[in-house]
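Overview (structure and organization)
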Amino acid sequence: MTPPDPAPPESRVLPVPPPPRWAVRAARVAAWSTIPSGVWRVALVLGVPVGVTEQEEFLAAFPHNSPLIGLAYVLLIGAVAEVASYLTLGLVRPWGEVMPRWIPFLGGRPVDNRIAVLAASLGAFAVTFLWWVLFFGGLLTSPSPDPGISAGEALFVAAYAPLLLWGPLLAAVAWSYHRRHRTSL
C-alpha cells in the first residue's frame, strides 16, 4: 500500500508564529487603558466629587436631569470602550486566529486576518484621532482662566491620560499581527 500524496505546497498553511512578548504586553496595556476613565465617569454619575464637572452639571444634559439615564449612558460608553479595548487581546490570543466555539454561526471558523488587521487599523486611527486630536488637543488649546491646575483637573487628566496609549498600542499590535500572518502564507 502506498502512502497518500502529500498536499501540494500551495495548499499547506504554515503555523502562525507566536506573538512577540512586546506585542502581548502592548495588548494588555491597551486593554487596561480604558479602565481609569470608566471609573472616573461612574464616580461622576454616582455623585463622587471628581473636581472638573459636578454631577448636577453632567445630569443637566439629560431629560429631567435623570441619574438613571446618565448612569445608563456612562455605563454604555464605558462598556463599548472596554469591549473595544479588550478586542486588542484577540490580536495576540488564539481567539484572534479561530472564532471561539460559543459564538453563534461563526464559532470554530478561522478569523479572516485581513479583516482583523483592517478593523484594528481603523480602530487605532479612530481612537488616536479622537483622544490625541479632538479631546486632548482641545483641552490643551482651550483658554484657562487660571494658569494653575486644580486637584480635580489633575484627577481628570490622570483618569483620561491612559487613553492616549490605546490607539498607538493598538496600531503596534495590529502591525505585529499582520507581520505574523503574512509570514504564515
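Calculation criteria
- Residues numbered from 1 in each chain as written.
- Predicted model: local features only at pLDDT ≥ 70, side-chain atom pairs only at ≥ 80, totals over all residues.
- Heavy atoms only, no water.
- Salt bridge = Lys/Arg side-chain N within 4 Å of Asp/Glu carboxyl O.
- Helix = DSSP H or I, 4+ residues; strand = E, 2+ residues; numbered from the N terminus.
- Buried < 20%, exposed > 50% of the residue type's maximum accessible area, 1.4 Å probe, protein only.
- Expected span 1.5 Å × (residues − 1).
- Arc of directions from axis to C-beta.
- Patch = residues over 30% accessible without salt bridge, like charges linked within 9 Å, V, L, I, M, F, W, Y side chains within 5 Å.
- Areas by Shrake-Rupley, 256 points an atom, 1.4 Å probe, with all protein chains shown as cover.
- Core = buried A, V, L, I, M, F, W, Y, C linked by side-chain atoms within 4.5 Å.
- Contact = heavy atoms within 4.5 Å.

**Comments concerning the pattern of salt bridges**
All told, the structure shown has 2 salt bridges when counted by the stated rule. R180 is paired through a salt bridge with E97; the nearest N and O atoms lie 3.7 Å apart. Of this pair, R180 sits in helix α7 (residues 163–183) while E97 sits in the loop between α4 (67–86) and α5 (113–141), and the two are 83 residues apart along the sequence. R180 gets classed as buried once you look at its relative accessible area, which sits at 6%. A salt bridge links D112 to R114; the nearest nitrogen and oxygen atoms lie 3.3 Å apart. With a relative accessible area of 29%, D112 lands in the partly exposed category.

**Topic: α4**
An ideal rise of 1.5 Å per residue puts 28 Å on 20 residues; α4 measures up with 28 Å between its terminal C-alpha atoms. Those residues of α4 not exposed but buried are G70, V74, G78, A81 and S85. Along the long axis of α4, the arc covered by the buried residues comes to 65°, so they all point the same way. More than 90 degrees from the buried face of α4, the exposed residues found are L68, L76, V80 and V83.

**Section: a nonpolar patch on the surface**
On the surface, a nonpolar cluster with roughly 620 Å² of combined accessible area is contributed by F125, F129, L130, W132, V133 and L134. The residue V133 is located in helix α5 in this model.

**Some words on the nonpolar core**
Counting 38 residues, the largest nonpolar core has W40, F58, L91, W131, Y160 and W166 as its most contacted members. Residue assignment for this core shows that the elements contributing at least two residues are α1 (21–32), α2 (35–45), α3 (55–59), α4, α5, α6 (151–160) and α7. For this core, the element with the highest residue contribution is α7, accounting for 8 residues. When residues no more than four places from it in sequence are discounted, the contact partners of L91 are A120, L170, V173, A174, Y177 and R180.

Shape descriptors only; they carry no functional weight alone.
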